[in-house]
Amino acid sequence: MKHMSELNLSNKRVLIREDLNVPMDSGRISDDTRITAALPTIQQALSQQAAVILVSHLGRPKAGEFDPQFSMLPVANRLSDLLEQDVAVIKDWHKGVDVAPGQVVLLENIRFEAGEKSNDDDLSQQLADLCDVFVMDAFGTAHRAHASTTGVAQFAPTACAGPLLVKELTALEKGLKNPAKPMLAVIGGAKVSGKLQVLHALVDKVDKLIVGGGIANTFIKAAGFRVGQSLFEPDLVDEAKQLIEKAKEAGNEIPIPEDVVVAAEFSADALAEVKSVDEVTDNDMILDIGPKTAALYAYIAKQAKTVVWNGPVGVFEFPQFSRGTQLLAEGIAQSGGFSMAGGGDTLAAIAKYGITNNISYISTGGGAFLQVLEDKPLPAVTMLEQVADR
Ligand code: AMP
């Protein structure tokens, strides 16, 4: 891949794909991490007197029509504040964009375009026509072969990787290729189905694979215990059994929680009760790991030299079921090794427990982070590699 840092951007028209897909709450940005993560790239281009055109998606609007609810305007306003210069939103950019060296504009939500998600050649060409250099910097969408992430690189005069994308890939490579041992992966969250590939990819790479949340419930069932009313996936119990065996064959372990926190219902004011895993009844719903298990997992995390973390181990949004995720998070924070975390809920947990500065690398990607853990190439990166000699 060509890197943006190697190129002379002076007086060039530079189109930068960023992941500015921030969470919104009633028209306001509720977390601007992705905007601040993109800033160094934008500032680097501006410092070279590039004419900067930014492009991103925001949310999931219906393709082919404008919807003010998904407009990039709040993002442009936040960028204006942070960059201390005007950032206009350009709605009709298809026939060209007026932007001078040292200026920044932001194209309107690219998912308003019918051809974005289908990676349409015409849309890709239109985007490429806007620039001298295309910079792919949106790690969070690098797993999607869309017009603004992949197609455009095929047609742009020069296409390269931006500093944020390079930083993400370098950190992941450090953690995954020749990791310091022992290595721990924590894969939590609601469903096994979404993370099956990643479990298979990690099981013989790590020394311990801790599963949490609804995923752990499927493994508890596979180990022969009752899970009552808990969220679990009956169709994947056999798959979980195979994964447990695969771990054993590789000399690794997928630990089964010794104790759990249960309730009679899924609600913010449900009464929590700690039970040994073999005491769970048909009426119980498992919503967190128990204190003994949490202490053990935190100890394992502290000993690990490499930790990869995606997904909470309980319903951490409700205080009475958040203790397991909190203790584990603190264990990861105290491990002296290299720790990496990614995914929306994981980032929320990291912020909630105040351990941001203790995690070696916090990824801006969720799906892309998982795809790298799965050892699968990212289409946008593959494309940059293909056009590197242009
Ligand atoms: P995911 O998006 O797959 O990473 O799942 C994250 C969500 O899983 C969070 O909102 C958690 O509240 C939820 N979760 C974690 N543990 C459980 C559990 N035991 N039962 C139901 N949901 C859970």
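Up top is the structure these notes are about.
This structure is a prediction, so every number in the text was calculated from the model and none was measured.

(A) Representation of the sheet that holds strand E12 (residues 273–276). In space, the three strands of this open sheet follow the order E12-E11-E13, with antiparallel pairing throughout. Of all the strands in the sheet, just E12 and strand E13 (285–289) have a single pairing partner and so form its edges. Strand-to-strand twist across the sheet, computed as the mean angle between neighbouring axes with direction ignored, equals 45°. Relative to E13, helix H9 (residues 291–303) is tilted by about 35°, and along the sheet it contacts strand E11 (259–263), E12 and E13.

(B) Highlighting the side chain of Lys195. The topology assignment puts Lys195 in the loop between strand E9 (183–187) and helix H6 (196–203). Among buried charged residues, Lys195 stands out as having no salt bridge; its nearest opposite-charge side chain is Asp345, 6.8 Å away. Polar contacts involving the side chain of Lys195 include one to the side chain of Asn310, which spans 2.8 Å. Those residues in contact with Lys195 that lie beyond four places of it in its chain are Ile187, Gly188, Gly189, Ile215, Asn310, Gly311 and Leu370.

(C) How the structure looks around the site of the ligand. If you check the shell around the ligand, you find 14 residues, and the closest are Ala190, Lys195, Gly213, Ile286 and Glu317. At 3.0 Å, a backbone N or O of Ala190 approaches an oxygen atom of the ligand. Mapped by element, the contributors of at least two residues to the shell around the ligand are helix H7 (213–222) and E13. The dominant element in the shell around the ligand, judged by the number of residues it contributes, is H7, at three residues. Its residues assigned to classes, the shell around the ligand shows six nonpolar, five polar and three charged.

(D) A look at H7. Of all 10 residues in H7, nine are buried, a share of seventy percent or more. The set of residues buried in H7 consists of Gly213, Gly214, Ile215, Ala216, Asn217, Thr218, Phe219, Ile220 and Ala222. Structurally, H7 contributes buried residues whose contacts are with E9, H6, strand E10 (208–211), helix H8 (237–249), E11 and E13. Two residues or fewer after H7 comes Gly224, characterised by a positive phi angle close to 100°.

(E) Layout of the pattern of salt bridges. Inspection of the entire model under this criterion finds 12 salt bridges. Glu116 is paired through a salt bridge with Arg17; the nearest N and O atoms lie 3.9 Å apart. With Glu116 in the loop between strand E6 (104–107) and helix H3 (121–129) and Arg17 in strand E1 (residues 13–17), this pair connects stretches of sequence that are 99 residues apart. Given the relative accessible area of 0%, Arg17 is considered buried.

(F) The arrangement of the environment of Asp137 in detail. Tracing the sequence through the fold places Asp137 in the loop between strand E7 (133–136) and helix H4 (147–155). In the structure, Asp137 is positioned 243 residues away from Ala380 in sequence and 9.8 Å away in space, judged by C-alpha atoms. Polar contacts involving the side chain of Asp137 include one to the side chain of Thr41, which spans 2.7 Å. Within the structure, the side chain of Asp137 is placed 2.8 Å from the backbone nitrogen of Leu164, a separation counted as a polar contact.

The rules we used
Residues numbered from 1 in each chain as written. Predicted model: local features only at pLDDT ≥ 70, side-chain atom pairs only at ≥ 80, totals over all residues. Heavy atoms only, no water. Pairing = 2+ DSSP bridges. Helix = DSSP H or I, 4+ residues; strand = E, 2+ residues; numbered from the N terminus. Axes fitted to C-alpha atoms, helices over the stretch in contact; angles between N-to-C directions. Contact = heavy atoms within 4.5 Å. Buried < 20%, exposed > 50% of the residue type's maximum accessible area, 1.4 Å probe, protein only. Lys, Arg positive; Asp, Glu negative; His and termini not counted. Salt bridge = Lys/Arg side-chain N within 4 Å of Asp/Glu carboxyl O. Polar contact = N/O pair within 3.5 Å; in protein donor to acceptor, adjacent residues only side chain to side chain. Near = heavy atom within 4 Å. Nonpolar A, V, L, I, M, F, W, Y, C, P; charged D, E, K, R; others polar.

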